[in-house]
Amino acid sequence: MRFAQVLFVSLVFGSLAAGLASAHSPLRETVPGDQAVLATAPAAIEMVFDDGIRLTRVELAHPDHGEIELDLSGSDGFATDYSLPMSDLGRGTYRVTWRGLADDGHAMRGAFSFTVE
Amino acid sequence: MADPVAAIAVAAKFGLSLTGLLAIGLTLNAALFAELRASTFWRPMTIGFALLAAIFAAVGFALQAVTLTGELAGMADPEILGLLWRTQAGEALLLRLLGFGLIAASPLFSRIGLVPALIGGAMSIWSFASVGHVSDQPFYAQAALSLHLSIAAFWLGILLPLWRAAPAKAAVLGRQFGRVALWLVPLLFVAGLALAATLVGGLDGLATPYGLALLIKVALAAILLGLGALNKFRLIPALDLTPVQSKTRLNRSLATEAAVFCLILLGTAWFTSSLSPPA
């Protein structure tokens, strides 16, 4: 049945082609900034979003320490500004990966990184 | 880097829009054309697409929970699911489950005809306007999207019945559809352009990735318009003169139309998940 074939091929094609898709990021600003180079590790990571978002998971990855989940217990509900305390893990490149729910129901995610020399 | 969850989420969104519009479109066409209601296949086909659409809607919702947690276990995380449920995503899922449920259950209400299925269709159409980029736009943009989707569903919903019908029945159904489509299809384009102007904000917005994606969509819609005109003015009338040969040509044209519709829906599922409108 040709119609069913079109539907099936489109679904398979969709799954493959959409592999490049990524949820759009509403992250306006971070401190430290993306690709920033710092002399010392910051005490907290700050993120400012365009619209209200409820962060559901934030991970900090470091080459020597692996992935550490940051504590979100202090943030409840939808907000545009977040400040999350972090530990000094020493020199190296830190990668922050965040996930959250926008107040329009979109699931969002993104990442940025900075280096401590 | 390829993200399998994002890929599956886009595929689920595409599956929802395709099967959902087919279910709604078959209902609209059946409500208007007795020729279609008299066929044996439209009802099981409509019920099947409505059930598939409800499944795709639920899968899409569950995948949002996976995106939020980064783990498959997120699908069963009551806190995350509860959080999603309280947003527009939850509202849209409820409307979709009820709407497609009403379409699928319509044989149970056969005494009052297609009214429950049409109400279900309207609820499902509204679910697309109540979530996503259009949801924070003025009411007229949401009304334009609902009108745009309803007419697109009506158009998509005739392809399969025309494809399956015998030449004589296809000629009757095709003429009936063509008379209504002559008025509705221009409205589809007007509503789509009004919506695009609201989301893109002006000519400058067309130079953005979102604007370019919309332009590609318009180009594909123009192909659909050409195929629709070919069917209405050449292939449907030719069914009276050379039924067998013309039906083969009509089916080829309908299959091409279905493929272009799939491309449009797939592209829309991708760019509304990956890009933000500039306006």
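As a reminder, the structure under discussion sits directly above these lines.
What you are looking at is a predicted structure, and each value in this text was computed from that prediction instead of being measured.

Caption draft 1: Fine view of the overall build of chain B. Tallying secondary structure elements over chain B gives 10 helices and 0 strands in all. Along chain B, helices and strands appear, N-terminal first, in the series α-α-α-α-α-α-α-α-α-α. Its C-alpha atoms give chain B a radius of gyration of 19 Å, within 12% of the compact-globule value 19 Å for 279 residues. Across its three principal directions, the C-alpha atoms of chain B cover 60 × 50 × 35 Å. By the burial criterion, 47% of the 279 residues in chain B qualify as buried.

Caption draft 2: Focus on the nonpolar core. One finds Ala23(B) and Ala53(B) to be the most contacted residues of the largest nonpolar core, which totals 107 residues. Leaving out residues up to four positions away in the same chain, Ala23(B) has contacts with Thr46(B), Phe49(B), Ala50(B), Ala53(B), Phe100(B) and Ile103(B).

Caption draft 3: Inspection of the pairing of strand S4 (residues 66–69) of chain A at higher detail. All names here are of chain A. Pairing analysis gives 4 bridges linking strand S3 (residues 44–62) to S4, with the strands arranged antiparallel. Its bridge partner lying in S4, Glu59 is registered against Glu69. Hairpin connection, S3 to S4: the antiparallel pair is bridged by 3 residues.

Caption draft 4: Here's a closer look at the environment of Thr268(B). Residues and elements named next belong to chain B. If you trace the backbone, Thr268 turns up in helix H10 (residues 243–274). Note on Thr268: 17 C-beta atoms within 10 Å, which makes it partly exposed. A sequence separation of 87 residues divides Thr268 from Ala181, and the C-alpha atoms of the two residues are 23 Å apart.

Caption draft 5: Looking closely at the packing of helix H7 (residues 139–164) of chain B against helix H8 (residues 167–200) of chain B. Residues and elements named next belong to chain B. Look at H7 against H8: their axes get within 8 Å of each other, and the N-to-C directions meet at 150 degrees. In terms of their interaxial angle, H7 and H8 are classed as roughly antiparallel. As for the relative orientation of H7 and H8, their crossing is left-handed in sense. Considering only residue class, the contact of H7 with H8 consists of 22 nonpolar, 4 polar and no charged.

Caption draft 6: Local environment of the packing of helix H5 (residues 88–104) of chain B against helix H6 (residues 115–129) of chain B. Residue and element names in this part refer to chain B. Across the interface, H5 lies against H6 with an axial gap of 7 Å and an inter-helix angle of 155 degrees. Regarding the angle of H5 to H6, the classification is roughly antiparallel. Crossing angle aside, the handedness with which H5 passes H6 is left-handed. Here Ala92, Leu95, Arg96, Leu98, Gly99, Phe100, Gly101, Leu102 and Ile103 of H5 come into contact with H6, specifically with Pro116, Ala117, Ile119, Gly120, Gly121, Met123, Ser124, Trp126 and Ser127. Across the contact of H5 with H6, the residue classes break down as 11 nonpolar, 6 polar and 1 charged.

Rules used in this analysis
- Residues numbered from 1 in each chain as written.
- Chains lettered and ligands numbered in written order.
- Predicted model: local features only at pLDDT ≥ 70, side-chain atom pairs only at ≥ 80, totals over all residues.
- Helix = DSSP H or I, 4+ residues; strand = E, 2+ residues; numbered from the N terminus.
- Rg over C-alpha atoms; globule rule 2.2 N^0.38 Å.
- Buried ≥ 20, exposed ≤ 12 C-beta atoms within 10 Å, placed from the backbone.
- Core = buried A, V, L, I, M, F, W, Y, C linked by C-beta atoms within 7 Å.
- Contact = placed C-beta atoms within 7 Å.
- Pairing = 2+ DSSP bridges.
- Axes fitted to C-alpha atoms, helices over the stretch in contact; angles between N-to-C directions.
- Parallel < 35°, antiparallel > 145°, perpendicular 65-115°, else oblique.
- Left-handed = near helix turned anticlockwise from the far one by under 90°.
- Nonpolar A, V, L, I, M, F, W, Y, C, P; charged D, E, K, R; others polar.

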